[in-house]
Structure formats: C-alpha cells, structure tokens
Amino acid sequence: MTLSTSTKPLILLRAEYKPNEHRTPLTPSHLSSLTHKYNFIVETSQERIFSDKEYENAGAKIVNQGEWLHFCERYDKDGTGYVLGLKELPEPKEVMQCEIKDESKKIPIETPFAVRHRHIMFAHCYKYQNDWKSTMQRFKEGNAELLDLEFLQWDNGRRVAAFGRAAGFAGMAVGMLGYVAQQQQLEKNPQAQNVNLQLDWYRNNADLVNLVKKQLATLKEQPVVLVLGALGRCGGGAVQFAREAGLPEEKVIQWDLEETKVGGPFLELLLKPHILVNCIYVNGKIPPFIDQELLSQVDSRKERRLSVFVDVSCEMSQNNPFPINNKITTFPDPLRRLVQPLEGVPPLDCCAIDHLPAMIPRQSSEDFSQDLYETLARLGDADTTRELDQLEKLAKETDENDPEMDEKKHLRVWYRAKALFQKKLRELEESQ
Ligand SMILES: NC(=O)c1ccc[n+]([C@@H]2O[C@H](COP(=O)([O-])OP(=O)(O)OC[C@H]3O[C@@H](n4cnc5c(N)ncnc54)[C@H](O)[C@@H]3O)[C@@H](O)[C@H]2O)c1
C-alpha cells in the first residue's frame, strides 16, 4: 500500500513505547484540519488518550504498532513522509510488545540498532546527554533524519511547542502529594527508608487538583513552596497548581532570573520552602544552585526546612544545577531519597520524572498539538536539502517586503531543525 503521492506527503503517527505514556503530539481534531496537506497513518494504541476511532473519523488510516519500522518500504515509497512520535524509540534489541489493530493481542518485535526514515520526536540527544553518541549513531547508520521537537524554535529562540505548563502543573502536584505522604510516614514510622507514593494519571486537571486539596487538608500546617523559573511555561504551571490547590500567596515563593542573578549556591533554597520545584531552562554551565557541600553544612547545623525537591527541568547533563541528584525517577517509583531523616533534620526526597505531563494526558496533548499544528502544516514545503550551508542560509532568510514573510517563519523553523541535525551528525563524526 502506498499512500504517499507527489502532492500530499505522508505522516505516520506512531505509538509510544514508554510505560504510562498516554499523550500524543497530534490530536484527532488537528489531524483532521491537516488532511488537505497530508495523508495520515496512525498506529493503533490502547494507551493513547484519544481512541483509534477518533483518528479514523478524522481521516487517518489505522495500522498495527511497529509499522514505522517499515515506513519506506510499505507506505512512503517516494521518501517525502515523516514518522511523528513523542518520546524516545525503544532501545536497540529491545523487544516491543506491539498491538495488533482490532485485536486484543500483541506481538513481540525486536528493534534494530539503525534507525531509518525521517523522525519528528523528542530524542533527548542534542545536549550531550549520557547516551547522545549512541542515539545519534543509530540515526547515522540508518541514514535517517531527526527533527527534534525540543529544538523547533521561532526566530527569537522560543520553542514552537512544549509541554511546559502541564509539566509544572503535574510537578507541583507530585511535590505536594509526596510531601503529605512523607509527613504521614514520619508520624507513623519515622524509621522508614522511603516514602511509598502511588501516582496515577488523570483524565482531567480538576480530578488531580481535588485529590491534592483533600490530602493537604490532612496537614496541621500548609507547606511553603518555592518555584524556580516561575516566569516560564513549567514554572507558570507550577504556580497555577499551587494556587488552584488553595495555598495562600505568601506560601508560594516565585524566583526567576532576577532572584538568581548573583549566582548560586543558594542557602535560601534549603531554608525557606518545604517543597522546591525547579523549572528553569538551562542551556549552558551555571554555578550549582544546591550542591552536596551546602546541603551537608546546613544539615550539620540542623537548619534545613526543604524536604521535597521536584526537578521538573531534569537537566541530567553536565549542566545540571542540582548535582545533589543525577537520576531520573519514574511514575511507579516517583521519589528518590537523597537524605535520611536524623534528629532535627527532615528527610530529603527528590522527584525527577522526565514525562510529568503524562499525568494529565488529554490537557497536555491538546495544548501541545495546538502549538504545533500550524508549523506542521508547512513541513511538507520545507526543502529536502541536506547541505548544512544551504540550510543555515534558508533558516535566516527574512525579507521585510516579502508578502509571505509571516508564513515563512514556519519554514524557517524546519530549516533550523534540519540544520541542527546535520550539525549534530558532524559533531558525532568529529568525536569518533
Ligand atoms: N519533567 C518534564 O516532564 C518536563 C516537561 C516539559 C519540560 N521540561 C523541562 O523544563 C524546563 C523548563 O521548560 P520551559 O518550557 O518552562 O522553559 P521556559 O523557557 O518557558 O522557562 C524557563 C524559565 O527559567 C528561567 N530561568 C532560566 N535560567 C534561570 C536561572 N539561572 N535562574 C532563574 N531562572 C532561570 C527563565 O527566565 C524562564 O522564565 C526545560 O528544561 C524543559 O526541558 C520538563
């Protein structure tokens, strides 16, 4: 079956492979509004917050999971199409349990090392993350292309689409749930080594807010929260959640660039809040905000108030401004104990889940898809050149007198994304 034609490129919306991932970058209603530009194939998924039927009604053809592995041979013979997804592809040799369309069974498929085709997704390999070389190598070996969703940026550097608001919203919720669970456990069993926190996902935001409100009501005193990067998307979501959960304004401390301009480490972060939610966007090395030395000093003086640290930013690269934690946590095991409680010193638990918006998948998918779809509409018009010089030139080309100048901003987003991929390939080659 070849769905792609010379006039309409093909987009395959693949299933997600991370557990508890119910989000999608493209909702059925936005897909429907793009059918004049593209043909769509959607991999079946029981996990996705929108049903197969909704996508089918919107104009997509539903196929089995794992079909992205055969995208070129089976569907996109002219090579103009793209595979659209959200999170990382399965690891090489990982056996995916793939759902079969219209059947309640799954079949195992092993993932190859080389990634083929052109992918739009979050690959988390452009900021020298621990396994960036092997991820890039997979794309190189398969002669594939990666247009990373994190690096689709407008001319001013702002991201086109991000899950920020939902991440901060959910991050503050987890922080508060973790704090309540911690307090309850300290009362019942002060010797316990870990907090047992069960997290779920919520069909809508109000259910989550109501749950947290009920939990907070069991405390004798409401916690103080501090949001770092409060003026950004994630930070805004975190502040919004704290307000919706009923915390008074004086208990919601907001810091952004102004408050941190003197440079870290910052003693106040350990002394003022019970819950710290880090939402800053780091794009280079900065002095640490809390390091082990500061933490140990404060604990030896029994001064620390902070007992739950939620690292929404999850910057686990060499630029991590919170070197006290360098591990991601997960929905089944959300809190990692950094410091055990001692006489006069509270425990310190850290949550660093890197897909927090998955807790509120409908709202976060709708927001993301709303931000992305207009730019996605222009992807098919982006030049397919792979020459870095040419791509960089196109990415900057602006002409005040061009009547299509505004429209072309979407094209420039794609040219920049393509140029960045070429640059990263070169960096990989140079590092070998
Ligand atoms: N954990 C998750 O599930 C998840 C989901 C989405 C985004 N994120 C991450 O969250 C981070 C923030 O994303 P965003 O979309 O909100 O970014 P953003 O650009 O909208 O906001 C970042 C904010 O941080 C502030 N900031 C930057 N450096 C600072 C500093 N040194 N001191 C104080 N404030 C500083 C900026 O002024 C800005 O207000 C990113 O690293 C992103 O990858 C995580």
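As shown above, the structure is provided for reference.
Just so you know, these numbers come straight off a predicted model, no measurement behind them.

Let us look at the sheet that holds strand 11 (residues 275–278). If you walk across this open sheet you meet the 6 strands as 10-9-11-12-14-13, and the pairing is mixed. In this open sheet, the two strands that pair with only one neighbour each are strand 10 (252–255) and strand 13 (336–339). Pairs of neighbouring strands in the sheet enclose a mean axial angle of 20°, with direction left out of account. Both strand 9 (residues 225–228) and strand 10 contribute to a ladder of 4 bridges, which runs parallel. Residue pairing across strands places L228 opposite W255, the latter belonging to strand 10.

Moving on, we come to empty space enclosed by the protein. Counted under the stated rule, the structure contains 1 cavity of 30 Å³ or more. In terms of lining residues, the largest cavity is bounded by Q182, Q185, L186, N189, P190, A192, R337, P341 and P347. At 3 residues, helix 5 (residues 164–188) tops the list of elements feeding residues into the lining of the largest cavity. Taken together, the residues that form the lining of the largest cavity break down as 5 nonpolar, 3 polar and 1 charged.

For the rest of this paragraph, the subject is the pattern of salt bridges. Under the defined criterion, the tally for this structure stands at 26 salt bridges. Here K93 ties to E110 by a salt bridge, and the two come within 3.7 Å at their closest N and O atoms. Here K93, found in the loop between strand 4 (82–84) and strand 5 (95–99), pairs with E110, found in strand 6 (residues 106–110); they are 17 residues apart in sequence, far enough to count as distant. For K251, the salt bridge identified is with E221, shortest N-O distance 3.9 Å. Here E221 lies in the loop between helix 6 (205–216) and strand 9 and K251 lies in the loop between helix 7 (233–244) and strand 10, a separation of 30 residues in the sequence. When its relative accessible area of 56% is taken as the criterion, E221 is described as exposed. Through salt bridges with shared partners, one network takes in K18, E88 and D354.

Thresholds applied
Numbers given for residues are sequential positions, taken from 1 along each chain in its written order. Where totals are concerned, whole chains, interfaces and linings use all residues; where local detail is concerned, this predicted model gives features only for residues with pLDDT of at least 70, and gives and counts side-chain atom pairs only at 80 or more. For the side-chain quantities, the full set of heavy atoms in the structure was used; hydrogens and water were omitted. Two strands make a pair as long as DSSP finds a minimum of two bridges between them. In this description a helix means any DSSP run of H or I spanning at least four residues, a strand means any run of E spanning at least two, and both kinds are numbered starting from the N terminus. Note on method: axes are straight lines fitted to C-alpha atoms, helices fitted across the in-contact stretch only, with angles between N-to-C directions ranging 0 to 180 degrees. Residues are said to line a cavity or pocket when one of their atoms sits within 4 Å of a point; the points come from a 1 Å grid over protein atoms alone, cavities being sets where a 1.4 Å probe fits but cannot get out and pockets being open sets with protein on both sides within 12 Å along at least five of seven lines. Grid points are joined across faces, edges and corners, and a volume is the space filled by probe spheres set on the points. Under this grouping Gly is polar, as are all residues other than the nonpolar Ala, Val, Leu, Ile, Met, Phe, Trp, Tyr, Cys and Pro and the charged Asp, Glu, Lys and Arg. Salt bridges are counted wherever a side-chain nitrogen of Lys or Arg sits within 4 Å of a carboxyl oxygen of Asp or Glu. Only protein chains enter the accessibility calculation, which uses a 1.4 Å probe; a residue is then buried when its area is under 20% of its type maximum, exposed when over 50%, and partly exposed in between.

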